[in-house]
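One-letter residues, chain by chain:
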Amino acid sequence: MSLDRRTFFAATAGFSLLPGLATGQDAAREKRLREDWAWWARYADDNARLRTAGEPVGVVFMGDSITEGWRDKRPEFFREGRVGRGISGQTTSQMVLRMMPDVIALRPRAVHIMAGTNDVAGNTGPMTRAQTYDNLMAMAQLAKANGIAVLLASVPPAAGFPWRPGLPTIEPIAEINAWIRAYAARIGATHVDYAAALGDGRGGIRKGLALDGVHPEAAGYAAMEKVIEPILLGMKL
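What counts and how
Residues numbered from 1 in each chain as written. Predicted model: local features only at pLDDT ≥ 70, side-chain atom pairs only at ≥ 80, totals over all residues. Heavy atoms only, no water. Patch = residues over 30% accessible without salt bridge, like charges linked within 9 Å, V, L, I, M, F, W, Y side chains within 5 Å. Areas by Shrake-Rupley, 256 points an atom, 1.4 Å probe, with all protein chains shown as cover. Salt bridge = Lys/Arg side-chain N within 4 Å of Asp/Glu carboxyl O. Helix = DSSP H or I, 4+ residues; strand = E, 2+ residues; numbered from the N terminus. Phe/Tyr/Trp six-rings, centres within 6.5 Å; stacked < 30°, edge-to-face > 60°. Buried < 20%, exposed > 50% of the residue type's maximum accessible area, 1.4 Å probe, protein only. Core = buried A, V, L, I, M, F, W, Y, C linked by side-chain atoms within 4.5 Å. Contact = heavy atoms within 4.5 Å.

It is worth spelling out a nonpolar patch on the surface at this point. A cluster of nonpolar side chains, contributed by Trp-37, Trp-40 and Leu-97, occupies part of the molecular surface with about 290 Å² of accessible area. With respect to the secondary-structure elements, Trp-37 resides in the loop between α2 (25-35) and α3 (44-53).

So, in structure tokens, the structure goes:
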């Protein structure tokens, strides 16, 4: 990994990879990246608790920081039976590896997959659209093969990424979302489109819904819930 790549990934993942700078919590995160790239350990204890208790799981929300932040900012939405499995900074490549322990092992009735932001950003290295699509297909097919209903969510709008200034985002996100819509229809999955609820009509998020233009605030998640809640209630989830 070149110095530039290391510096970039450190910024997106929230820790330093540069020699001499990684101390304390940063060093622990760097060690975790080396030893647990998909971060299987992140939810291992809670997964074990759910399995041991035999608690029924209605829907698992698989995703990145946008999903993780949802549970943090709107915990009341994640009532019993709704499980959050978002991890900040992750790409679809990492999420595929988490599908078995974080979703399928919990035997949910449905999975909500919202991913692609960090693929566009290149958080784990450059990715082609085809690679993103392959990963989304793999997650959907794993779920369907295990009798789990699939909800494929659109990538939330973003006019830019603060950690990747100057990177084009609007067109790549639109391409991924067009593919998600078509693929969901092809496999009989439920397409969940948050664009109208969040979008400013120009490819970004409306003011007041996201502090940094990417990650929703509580008001942004409340707007998303107006889209997803009727779907979940219709599925009795």
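That was the structure; now back to the text.
Further remarks concern the packing of aromatic side chains. By convention here, two paired aromatic rings are described through the distance between centres and the angle between planes. By the definition in use, this model includes 11 aromatic pairs. Ring geometry for Phe-61 against Trp-70: centres 5.4 Å apart, planes inclined by 70°, an arrangement best described as edge-to-face. For the pair Trp-70 and Phe-78, a centre-to-centre distance of 6.0 Å together with 85° between the ring planes defines the contact as edge-to-face. With respect to burial, Trp-70 and Phe-78 carry one shared label: buried. Each member of the aromatic cluster is reached from another via a ring pair, and the members are Phe-61, Trp-70, Phe-77, Phe-78, Tyr-194 and Tyr-221.

The next thing to look at is the nonpolar core. Most often, soluble globular proteins keep nonpolar side chains buried together rather than apart. By size, the foremost hydrophobic cluster in this structure holds 36 residues, and its most contacted members are Val-111, Met-139, Val-150, Leu-152 and Phe-161. Mapped by element, the contributors of at least two residues to this core are β1 (59-63), α5 (92-102), β3 (110-114), α6 (117-121), α7 (129-145), β4 (149-153) and α8 (170-187). Sorting elements by how many residues they give to this core places α8 first, with six residues. Not counting the four nearest positions on each side in its chain, Val-150 is found in contact with Val-111, Ile-113, Ala-140, Ala-143, Lys-144, Ala-189 and Thr-190. By size, the runner-up hydrophobic cluster in this structure holds 23 residues, among which are Ala-110, Val-192, Leu-198 and Leu-232.

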